[in-house]
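Descriptive analysis of the structure
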Amino acid sequence: MPHASRPHHHHRRRRVPRPLPLVAAGALLATAAVTLPQLTPEASAATTLRGYADARGVRIGAAVGDGPLTSDSAYTTVLDREFNSVTAENAMKWDALEPSRGGYNWAAADRLVAHAAAHNQGVRGHTLAWYSQLPSWLKNGNFSAAELNTILKKHIDTTLGRYKGKVYAWDVVNETFNEDGSMRSSLWQDKLGTGYIANALRWAHAADPAAKLYINDYNIEADNAKSDALYALAKQLLAEGVPLNGIGFQSHFVVGQVPSTMKANLKRFSDLGLEVSVTELDIRIPLPASAAELAQQSADYKLASENCLGVARCAGVTVWGVTDKYSWIPGTFSGFGAALPYNESYAPKPSYTGLSNGLNPAA
Ligand code: G3I
């Protein structure tokens, strides 16, 4: 599978079986049970999400929870057939990795990384410096700025060191801006100032020079105050030679509300020489979802994925879950749901077709 960092736009050449002489064709019929299964997987792979993504050298990813990964074979069947990239929905967050100081718990993250390797999937690492999901020892430790710097560097060294060469991109910094473009208050921002962002990126680059290093955020898909502030920061970091490689546009949308400025906004970041990725796409619908809303959601999935893939340095699209059976939406947005490409019973929804058409340039 091509690496996502440099998408190429030619199509994978399909091997076309040579015409057979009649005698050989007779022999083929006799051995059809052997011959056909060799052809079928290749033919069907081309029509999966990952088949289309592989063909254009980009990632189609899904956020994966450790629960379904370890308990639901219907889930992993779809995950492995359709996706060439995975993101740990929670297992690589600080509270999951280091619940007590120096007491690491790698089990769930290791499971996902091993699963990905076994199924030829890349891993997006999520996430290092974030205001949320911090273990209480860290949140309530009342550390000095010097101690916090040491703690953040150690976390980055340890985590990237463990997965060096196995994670193709890291969300090094997550959700650092308020909606008005000011810096969001966080443990890091409040104690260390904005300089922690450059430091975190430099430490991450030293720990795994091959990983693409991202700043990731939500409500930055449109051209707005928040994306303007991020654009200014990204430009400044690049001017200072900080190893920033990409911007992650989470893309938690409401049905019918994919921003009209999304493609132009992603393009201005791409024009800085940065990768752009849609990292957490889901499109929520007020429940119960009507047929018209499901059709609109399908158009939205197509548009959102095209808004990224139509930009030069788009590395790929990740959806924040596989199935409506496991989605953070109903628990957070009361009355909303049905946000993903598969329903609770693993039937593909219209949104699956929308996403598939967004990935397939011939559609
Ligand atoms: O791990 C505990 C478990 O021990 C406990 O028994 C259980 C009981 O509630 O909670 C578990 O923690 C939950 C965790 O998911 C793991 O399942 C937290 O309560 C719950 O808040 C947490 O939610 C996650 C949320 O991030 C946390 O902020 C969602 O699953 C996850 O989808 C969501 O993902 C975020 C991205 O990381 C960043 N962008 C926004 C996105 C959606 O909020």
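Details of the structure are given in the entry above.
So, here is what we can say about the structure in this document. (Residues numbered from 1 in each chain as written. Predicted model: local features only at pLDDT ≥ 70, side-chain atom pairs only at ≥ 80, totals over all residues. Heavy atoms only, no water.)

Glancing now at the pairing of strand β3 (residues 122–129). With respect to burial, β3 is a largely interior element, eight of its eight residues being buried. Looking at chain direction, β3 and strand β4 (residues 169–174) are connected through four bridges and run parallel. Along β4, the bridge assignment pairs Gly125 with Trp170. (Buried < 20%, exposed > 50% of the residue type's maximum accessible area, 1.4 Å probe, protein only. Helix = DSSP H or I, 4+ residues; strand = E, 2+ residues; numbered from the N terminus. Pairing = 2+ DSSP bridges.)

With that out of the way, let us pick up the pattern of salt bridges. Throughout the structure, instances matching the rule amount to 13 salt bridges. A salt bridge links Lys349 to Asp324, with the nearest nitrogen and oxygen atoms 2.6 Å apart. Of the two residues, Lys349 is situated in the loop between β10 (336–337) and α16 (350–359) and Asp324 in the loop between β9 (314–319) and α15 (329–332); the sequence distance between them amounts to 25 residues. Under the relative-accessibility criterion, Lys349 is labelled buried at 8%. Relative accessible area serves as the criterion here: at 11%, Asp324 is assigned to the buried category. The network of salt bridges with shared partners includes Glu179, Asp217 and Lys226. (Salt bridge = Lys/Arg side-chain N within 4 Å of Asp/Glu carboxyl O.)

Moving on, we get to the site of the ligand. Close contacts around the ligand come from 13 residues, with Glu89, Lys93, His126, Glu175 and Glu280 the closest. His126 places a polar side-chain atom, nitrogen or oxygen, 2.7 Å from an oxygen atom of the ligand. Relative to its unbound accessible surface of 790 Å², the ligand loses 46% to contact with the protein. Of the residues belonging to the shell around the ligand, the class tally is three nonpolar, six polar and four charged. (Near = heavy atom within 4 Å. Polar contact = N/O pair within 3.5 Å; in protein donor to acceptor, adjacent residues only side chain to side chain. Areas by Shrake-Rupley, 256 points an atom, 1.4 Å probe, with all protein chains shown as cover. Nonpolar A, V, L, I, M, F, W, Y, C, P; charged D, E, K, R; others polar.)

Across all of its chains, the model carries one disulfide by this definition. Across a sulfur-sulfur distance of 2.1 Å, Cys308 and Cys314 are joined as a disulfide pair. Around the S-S axis, the bridge from Cys308 to Cys314 shows a dihedral of about 100° and counts as right-handed. Under the relative-accessibility criterion, Cys314 is labelled buried at 2%. (Disulfide = S-S within 2.5 Å.)

Okay, the environment of Ala211 next. Within the fold, Ala211 resides in the loop between α11 (195–207) and β5 (212–217). On the basis of relative accessibility, which here comes to 2%, the residue Ala211 falls in the buried class. Linking Ala211 and Val167, residues 44 residues apart in sequence, is a C-alpha distance of 6.5 Å. Leaving out residues up to four positions away in the same chain, Ala211 has contacts with Val167, Tyr168, Trp170 and Asn245. (Contact = heavy atoms within 4.5 Å.)

Let us now look at α16. Across the 10 residues that make up α16, a large majority, seven, are buried. The set of residues buried in α16 consists of Ser351, Tyr352, Gly354, Leu355, Ser356, Gly358 and Leu359. As for α16, its buried residues are in contact with α3 (49–56), β1 (59–64), α5 (73–82), α14 (291–309) and β9.

Further remarks concern the packing of α3 against α16. As a packed pair, α3 and α16 sit with axes 9 Å apart at the nearest point and diverge in direction by 15°. Looking at the two axes, α3 sits roughly parallel to α16. Where α3 crosses over α16, the two elements pack in a sense that is left-handed. Residue-level inspection shows Leu49, Tyr52 and Arg56 of α3 in contact with α16, the latter providing Tyr352, Leu355, Ser356, Gly358 and Leu359. Looking at the contact of α3 with α16 residue by residue, the classes come out as five nonpolar, two polar and one charged. (Axes fitted to C-alpha atoms, helices over the stretch in contact; angles between N-to-C directions. Parallel < 35°, antiparallel > 145°, perpendicular 65-115°, else oblique. Left-handed = near helix turned anticlockwise from the far one by under 90°.)

The next subject is unusual backbone geometry. Negative phi values dominate among residues other than glycine, just as trans dominates among peptide bonds. Note that the residue after His126, namely Thr127, is joined by a cis bond; omega there is 0°. Looking at where Thr127 falls in the secondary structure, it is placed in strand β3. Cis geometry is found at the peptide bond from Leu287 to Pro288, where omega equals -5°. Structurally, Pro288 can be placed in the loop between β8 (275–286) and α14. Its identity is not glycine, yet Glu175 carries a phi of approximately 60°, on the positive side. With respect to the helices and strands, Glu175 occurs in the loop between β4 and α10 (187–192). Note on Glu175: relative accessible area 8%, which makes it buried.

Here we take up the nonpolar core. Judged by nonpolar contacts, the single largest core of 92 residues is most densely connected at Trp170, Trp188 and Ile247. By residue number, the principal contributor to this core is α11, which donates eight residues. Setting aside residues no more than four positions away along its own chain, Trp188 makes contact with Trp94, Ala129, Trp130, Leu134, Leu138, Leu148, Leu152, Gly193 and Tyr196. (Core = buried A, V, L, I, M, F, W, Y, C linked by side-chain atoms within 4.5 Å.)

The next subject is the side chain of His252. The topology assignment puts His252 in strand β7 (residues 252–254). Side chain to side chain, His252 and Glu280 meet in a polar contact 2.7 Å long. In terms of polar contacts, His252 uses its side chain to reach the side chain of Asp282, at 2.8 Å. Setting aside residues up to four positions removed in sequence, His252 forms contacts with Glu280, Asp282, Arg284, Trp320 and Trp328.

On to the side chain of Asp72, then. Structurally, the position occupied by Asp72 is in the loop between α4 (66–71) and α5. Within the structure, Asp72 has its side chain in polar contact with the side chain of Tyr346 (distance 2.7 Å). Not counting the four nearest positions on each side in its chain, Asp72 is found in contact with Lys325, Tyr326 and Tyr346.

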